[in-house]
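# Residue-level structure breakdown
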Amino acid sequence: MYVVRGLLQAAVMLVVGAVLAAAAAGVWVAVADGDFGSRLGISMVVVAGLIGLLGGTAVARAETSDVRAFLGMGPEREQPELNGALGPVGVFLFVALPLAAVGLVLVG
């Protein structure tokens, strides 16, 4: 059951990332004329990079580092609680990597 939740979360993140990339490419083509396919590929690579960077626990750790420093505690060594079923490696492997691969194919 846990695997199904993770794959469903990855599928939703893939669809949302592709829609965001398509919207960004559409705006880019509307502002400056050009080929939609290559701009969609570039947008997908950018979205994949952002998801790869922000899909892990770095943002959650950054939120608590100021509070921990203020309280005189050292940096935490444990993983913060993840809301979803996918961890940082899963987000990279199942979301960011496929988006980047499709984007690089579209770029040429």
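Computed from a predicted structure; not experimentally measured.

### Considering the side chain of Ser43
Here Ser43 lies in helix 2 (residues 36-54). What makes Ser43 buried here is its relative accessible area of 8%. Looking at Ser43, its side chain comes within polar contact range of the main-chain oxygen of Arg39, at 2.9 Å. Residues in contact with Ser43, not counting those within four places in the same chain, are Ala21, Ala24, Ala25 and Trp28.

### Brief notes about the nonpolar core
Counting 13 residues, the largest nonpolar core has Ile51, Val95 and Leu99 as the members making the most contacts within it. Breaking this core down by element, the ones donating at least two residues are helix 1 (2-31), helix 2 and helix 4 (88-107). Considering each element in turn, this core owes the most residues, five residues, to helix 2. Those residues in contact with Val95 that lie beyond four places of it in its chain are Ala10, Met13, Leu14, Ile51, Leu86 and Gly90.

Procedures and definitions
- Residues numbered from 1 in each chain as written.
- Predicted model: local features only at pLDDT ≥ 70, side-chain atom pairs only at ≥ 80, totals over all residues.
- Heavy atoms only, no water.
- Helix = DSSP H or I, 4+ residues; strand = E, 2+ residues; numbered from the N terminus.
- Buried < 20%, exposed > 50% of the residue type's maximum accessible area, 1.4 Å probe, protein only.
- Polar contact = N/O pair within 3.5 Å; in protein donor to acceptor, adjacent residues only side chain to side chain.
- Contact = heavy atoms within 4.5 Å.
- Core = buried A, V, L, I, M, F, W, Y, C linked by side-chain atoms within 4.5 Å.

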